[in-house]
Amino acid sequence: MNREVVDSPRVFDVSVREARMCIDRILLVCRLPSGYVHSVREVVLLSQSMGLGGFQALCEGYERLREGSLDRVSVQDADDGALVVDGGGIHAWVLLPTLMDLGVERVRSAGRATLRVSGVQDLHELHIMAGLGRRYGTGAEVSQPDEGAGREQKAVVTLFNTARPQGIDEWDPLLAQAIRHGYPVDGALWRAIHALSNQALAPDSVVSRRHAGPVILRDDGTLQGRPPADDDMDLNMLRHVPSSQGCA
C-alpha cells in the first residue's frame, strides 16, 4: 500500500437509518420537544445533502440548538399579504418545520406566498426550504439581502405550487439518493457525531447491563424473561463492566 493511500482520510458511507438514529439522540440531548425531533432531524439531513452546514455544523454547534424558544417566534401579516416571521433568536433548523407549515398553508390557499424572516441564527440554512418544499409539491426560492449582521439579517422566502410528487424520487430525490448510496462522511467527523449521540444513553454499568434487552439478571444469578436453558448469552458480560468500556 502506497503512502498516499495510507494518509488519505477515511470516508464512511453512513446509512440513512444510522444517520437518523444519531441525529435523533443529539436533538434529544439538546432538549428539543420530543414531538419536534423527527422534523428537525429531516432538516439536518437535507442540510447535509444540499452541501450546507450538515453534519459538521451539527457536531460543532449543536448546543446552539438550545438557544431561543418556539414560544418567542412571532408571525404577523404585512399589508402586502406577506408573512413576517421573527424567530426570536432561534436556530434556522429549529424554525424550519414550522416555517414550512406556515408557507404551505398560505400557498395552498393563495397559490403563492412570501415569508420575510429575521431573528434567526444561521439564516443561510433557510435554503433548505427548496429541498423540503418538494415533499409538499411546493417550490421555494430564498434570497438574503445584504443588510444587517448576525441575528439582524433578513431573508425573503417565496413559495409557489408545483406538481405534487409521485414516488420517493420526486418526493425527496436527495433522500432517495442517500437511501441507495448513504451519506459520504469523513470518518473522524462521524466518530465524533456517534460519540456525541451517546450522551443520550444511560451510562454503561453493571446495573444497566443486568436490565438490558428482554431479560433481567437477578441478584442470585438467575434470568427473568426467558428460560435459562434456551439462552446462550455470556452472563459474565452482565455481571462485570470492563474498565475500557466504562462511562467516560
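Just above, that's the structure.
Residues numbered from 1 in each chain as written. Predicted model: local features only at pLDDT ≥ 70, side-chain atom pairs only at ≥ 80, totals over all residues. Heavy atoms only, no water.

Chemist: I tried to follow the overall build of the protein on my own but got confused; where do I start?
Modeler: Per the secondary structure count, the protein includes 11 helices and 9 strands. Across the 248 residues that make up the protein, the buried fraction comes to 38%. Within the protein, residue pairs in contact and separated by at least 24 positions form 66% of the contacts whose partners lie at least 6 positions apart. Carbon and sulfur atoms make up 49% of the accessible area of the protein, which totals about 13800 Å². (Helix = DSSP H or I, 4+ residues; strand = E, 2+ residues; numbered from the N terminus. Buried < 20%, exposed > 50% of the residue type's maximum accessible area, 1.4 Å probe, protein only. Contact = heavy atoms within 4.5 Å. Areas by Shrake-Rupley, 256 points an atom, 1.4 Å probe, with all protein chains shown as cover.)

Chemist: Mind showing me how you'd approach the sheet that holds strand S2 (residues 74–77) here?
Modeler: The strands making up a sheet associate through hydrogen bonds between their backbones, and the pairing can be parallel or antiparallel. Pairing is mixed in the open sheet, where 5 strands are placed in the order S2-S3-S4-S6-S5. Of all strands in the sheet, those bounded by a partner on one side alone are S2 and strand S5 (138–143). Shown here is a sheet whose adjacent strand axes are inclined to one another by a mean of 20°, direction ignored. Two strands pair when backbone bridges link them, and S2 and strand S3 (residues 83–91) are joined in this way by 4 bridges, in the antiparallel orientation. If you follow valine 75 over to S3, its bridge partner there is valine 85. Contacts from helix H5 (residues 92–110) reach S2, S3, strand S4 (112–121), S5 and strand S6 (154–161), with the element oriented near 165° to S4. (Pairing = 2+ DSSP bridges. Axes fitted to C-alpha atoms, helices over the stretch in contact; angles between N-to-C directions.)

Chemist: Please clarify how the nonpolar core should be interpreted in this entry.
Modeler: Nonpolar side chains in soluble globular proteins generally cluster together in the buried interior. In this structure, Phe55, Val117, Leu126, Met129, Leu159, Tyr183 and Trp190 are the most contacted members of the largest nonpolar core, which totals 57 residues. Looking at this core element by element, the count peaks at 9 residues for H5. If we ignore the near neighbours within four places in the chain, the residues touching leucine 126 are Ala92, Leu96, Leu99, Val117, Val142 and Ala155. (Core = buried A, V, L, I, M, F, W, Y, C linked by side-chain atoms within 4.5 Å.)

Chemist: Mind showing me how you'd approach the packing of aromatic side chains here?
Modeler: In this description, a pair of aromatic rings is defined by centroid distance and the angle of the planes. As enumerated under the stated definition, the model contains 2 aromatic pairs in all. Relative to tyrosine 183, the ring of phenylalanine 55 has its centre 5.7 Å away and its plane inclined at 75°; by these criteria the two rings are edge-to-face. Within this pair, whereas phenylalanine 55 is found in helix H4 (residues 54–61), its partner tyrosine 183 is found in strand S7 (residues 183–186), the two being separated by 128 residues in sequence. Looking at phenylalanine 55, the relative accessible area reads 0%, which means it is buried. Classification of tyrosine 183 as buried rests on a relative accessible area of 3%. Chaining the aromatic ring pairs together yields one cluster made of Phe55, Tyr183 and Trp190. (Phe/Tyr/Trp six-rings, centres within 6.5 Å; stacked < 30°, edge-to-face > 60°.)

Chemist: What should I look at first to understand the pattern of salt bridges in this one?
Modeler: Following the criterion strictly, the structure yields 9 salt bridges and no others. Where arginine 41 meets aspartate 24, a salt bridge forms, and the shortest distance between an N and an O atom there is 3.1 Å. With arginine 41 in helix H3 (residues 37–49) and aspartate 24 in helix H2 (residues 16–29), this residue pair connects regions lying 17 residues apart in the sequence. This pair shows no difference in class: arginine 41 is buried, exactly as aspartate 24 is. Ionic pairing is found between aspartate 122 and arginine 64, a salt bridge with its closest N-O pair at 2.8 Å. Here the residue aspartate 122 occupies a position in the loop between S4 and helix H6 (128–133), and arginine 64 occupies one in the loop between H4 and S2, the gap between them amounting to 58 residues. One continuous salt-bridge network, built from bridges that share partners, spans Arg20, Asp24, Arg41, Glu42, Arg135 and Asp172. (Salt bridge = Lys/Arg side-chain N within 4 Å of Asp/Glu carboxyl O.)

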